[in-house]
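Spelled out, the chains give:
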Amino acid sequence: MAVLELASGRISDMAPSRRVRPSEGGDGDETNVTVDDLLTRVACGDGPAFELLYDRIANSVYGVIRRVLRDPAQSEEVTQEVLIEVWRFATRFDAERGSATTWIHTMAHRRAIDRVRSAQASHDRDERVARRDQVTAYDEVAERVEMRLEQQHVRRCLEDLTDLQRESVTLAYYGGYTYREVAELLGVPLGTVKTRMRDGLIRLRDCLGVTP
Amino acid sequence: MTDFDPHSLTGVYALDALDGAEKTRFEAHLHECQACRAEVAELTETATRLAGAAAAPVPAELRARVLAAAAEKRQQSPLPVVTAISARDRSRTPRWYRQPAAAAAALLLVVSGGLGALALDEHQRAEDAETMTTRVAAIATHPDRVELDVPVSSGGHGIVVAADGSALFRTSGIETLPADQAYQLWILRGDKPQSAGVLGRGGELEAFVDGVRPTDALGLSVEPAAGSKRPTGSLVLRVEIA
């Protein structure tokens, strides 16, 4: 019996990578390319690399935007904007500041948040609180659609947080609320929410094995 | 807000939950505070894992629209202060970025993010890893694979993905053992457990196990650092493959 042990290590572009099927590799080589490599090639104007990059990240980009915005049509629109920005600004990606996956997801999340906040300027409080109840409903849908290991892993790590940490983190990240709004929704002091968000992320970081 | 304390806002900022003047002030502070930048980078990376976990099938028609639109857009020139990665810059990136087999992990990162850390300095090892990478990918994407997630009795949990006589094992959040102890993985078959390797003291441990039968179980026990021939302690995890 052959047994090979694998050292533990970082896992940063796990999410988009897992979306690649062997058949998408064509000649078999391209599946071996990292998101970082692809983005580097895209920065040099490589169109085919952009297609491959699209296939690797589109679902997670769309997924997170949809989580925040909920509305499919708007989510699609923002996803398109973000992905085109990835093409346009690939030249400005700096690998020393983090992974390509993080760069892309950060951009996606921020765009979704921007959209929510500008739209919310005209919404009233009640409507916004109603949105909170939809978080669970969409969770269930997402759970049916995608329940692969990364999700299980993240979910499990989220379960390891205290209730307040978890609610603070997910209301902010998936719900798109500011920390002041989160404090209001949860009925806790601002300072508490600040620390719960930080502590929650630190705990999540350790559980997920994110290394600096 | 009068008591502006930037150091407590790193998590809030990483979650994009800061806005208005407070955000501007915090960003100004970031320019001056290396420790804050480091913490924000780390927490942002953590937060974006939540994005990966939210993946949902993107409408198929979007692909053609995005590709067509991109083809018509001119790319921005690199900012002078922010270098695009080049071959030269990449030599400064963490080692795992440069490992071809780590990339191969495209698929296997599904289950096995840690593969990127394989030591591949020597050519031979690289070849071994590549072979293994292919095999791991085959398991991770096998249509009939079994995916199991079970708790470890002393804390944390273990994930097993098995297909075609092989299994990937990975732990998450398990208790770190003292220096003289280690977790050892076992194939439990009848009354003869076979060692599948001493994995380490804690954290995210991984193993690729070959020759697994559907009737086998995997077990994890705490052993002396050098490992044991048979499990000496009680199992902290036991999982039936079938």
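Residues numbered from 1 in each chain as written. Chains lettered and ligands numbered in written order. Predicted model: local features only at pLDDT ≥ 70, side-chain atom pairs only at ≥ 80, totals over all residues. Heavy atoms only, no water.

Draft legend 1. Examining the overall build of chain B more closely. Tallying secondary structure elements over chain B gives eight helices and eight strands in all. The proportion of buried residues among the 242 residues of chain B is 53%. Taking as baseline every contact in chain B between residues at least 6 positions apart, the subset at least 24 positions apart corresponds to 52%. On chain B, roughly 10,800 Å² of surface is accessible, and the fraction owed to carbon and sulfur atoms is 54%. (Helix = DSSP H or I, 4+ residues; strand = E, 2+ residues; numbered from the N terminus. Buried < 20%, exposed > 50% of the residue type's maximum accessible area, 1.4 Å probe, protein only. Contact = heavy atoms within 4.5 Å. Areas by Shrake-Rupley, 256 points an atom, 1.4 Å probe, with all protein chains shown as cover.)

Draft legend 2. Summary view of the overall build of chain A. Counting its regular elements, chain A contains ten helices and one strand. Going from N to C terminus, chain A has its helices and strands arranged as β-α-α-α-α-α-α-α-α-α-α. For chain A, contacts bridging at least 24 residues in sequence account for 66% of all contacts bridging at least 6. Roughly 8,300 Å² of accessible area belongs to chain A as shown, and the carbon and sulfur atoms make up 47% of that amount.

Draft legend 3. Here's a closer look at the pattern of salt bridges. The tally for this structure, following the rule as stated, stands at 17 salt bridges over all chains. Between Glu 76 of chain A and Arg 65 of chain B there is a salt bridge, with its nearest N and O atoms 3.0 Å apart. Separated into two different chains, Glu 76 of chain A in helix H4 (residues 72-89) and Arg 65 of chain B in helix H4 (residues 61-72) make up a pair that spans both. The shortest N-O distance in the salt bridge between Arg 110 of chain A and Asp 16 of chain B comes to 3.1 Å. Placement of the pair is Arg 110 of chain A in helix H5 (residues 100-120) and Asp 16 of chain B in the loop between helix H1 (10-14) and helix H2 (20-32), with the two residues belonging to separate chains. Via salt bridges that share partners, Glu 77, Glu 81, Glu 85, Arg 111 and Arg 115 of chain A belong to a single interconnected network. (Salt bridge = Lys/Arg side-chain N within 4 Å of Asp/Glu carboxyl O.)

Draft legend 4. Layout of the nonpolar core. Counting residues in each nonpolar core, the largest one holds 84 residues, and the members touching the most others are Phe 50, Leu 53, Ile 65 and Met 197 of chain A together with Leu 15 of chain B. The element best represented in this core is helix H3 (residues 47-69) of chain A, accounting for 13 residues. Val 152, Tyr 183, Leu 185 and Ala 196 of chain B belong to the second-largest nonpolar core, a separate cluster that totals 23 residues. (Core = buried A, V, L, I, M, F, W, Y, C linked by side-chain atoms within 4.5 Å.)

Draft legend 5. Focus on the sheet that holds strand S4 (residues 181-188) of chain B. All names here are of chain B. The strand order across the open sheet formed by four strands is S5-S4-S7-S8, and the pairing between neighbours is antiparallel. Lying at the two open borders of the sheet, with one neighbouring strand each, are strand S5 (194-200) and strand S8 (235-240). Taking the axes of each pair of neighbouring strands and ignoring which way they run, one obtains an average angle of 25 degrees across the sheet. The sheet contact formed by S4 and strand S7 (residues 217-224) spans eight bridges and is antiparallel. By the bridge assignment, Trp 186 is partnered in S7 with Gly 219. (Pairing = 2+ DSSP bridges. Axes fitted to C-alpha atoms, helices over the stretch in contact; angles between N-to-C directions.)

Draft legend 6. Spotlight on the environment of Gln 151 of chain A. Of note, Gln 151 of chain A is situated in helix H7 (residues 149-159). Under the relative-accessibility criterion, Gln 151 of chain A is labelled buried at 2%. Within the structure, the side chain of Gln 151 of chain A is placed 2.7 Å from the backbone oxygen of Ala 53 of chain B, a separation counted as a polar contact. (Polar contact = N/O pair within 3.5 Å; in protein donor to acceptor, adjacent residues only side chain to side chain.)

Draft legend 7. Representation of the confidence of the model for chain A within the structure. Residue and element names in this part refer to chain A. Mean pLDDT over chain A works out to 78, with 71% of the residues at or above the 70 mark. A low-confidence stretch, residues 1-28 stays under pLDDT 50, and its non-local contacts, those more than four residues away or across chains, total 105 contacts. Ignoring residues within four places in sequence, the model shows residues 140-146, a span with pLDDT below 50, making seven contacts including any to other chains. (pLDDT = per-residue confidence, 0-100.)

Draft legend 8. Main features of helix H9 (residues 179-186) of chain A. Residues and elements named next belong to chain A. With respect to burial, H9 is a largely interior element, six of its eight residues being buried. If you check which residues of H9 are buried, you get Tyr 179, Glu 181, Val 182, Ala 183, Leu 185 and Leu 186. In the stretch just after H9, Gly 187 is the one whose phi turns positive, near 65 degrees.

Draft legend 9. Just the side chain of Thr 10 of chain B, in detail. Within the fold, Thr 10 of chain B resides in helix H1. The exposure class assigned to Thr 10 of chain B is buried, which follows from its relative accessible area of 1%. Among residues more than four places away in sequence, those in contact with Thr 10 of chain B are Arg 198 of chain A together with Phe 26, Cys 36, Glu 39, Val 40 and Leu 43 of chain B.

Draft legend 10. Up close: the packing of H7 of chain A against helix H10 (residues 190-208) of chain A. Residue and element names in this part refer to chain A. The N-to-C vectors of H7 and H10 enclose an angle of 135 degrees; their axes lie 9 Å apart at closest approach. Between H7 and H10, the crossing angle belongs to the class labelled oblique. The handedness of the crossing between H7 and H10 comes out as right-handed. Touching His 153, Val 154, Cys 157 and Leu 158 of H7 are Leu 204, Cys 207 and Leu 208, all from H10. Of the residues contributing to the contact of H7 with H10, the split by class is six nonpolar, one polar and no charged. (Parallel < 35°, antiparallel > 145°, perpendicular 65-115°, else oblique. Left-handed = near helix turned anticlockwise from the far one by under 90°. Nonpolar A, V, L, I, M, F, W, Y, C, P; charged D, E, K, R; others polar.)

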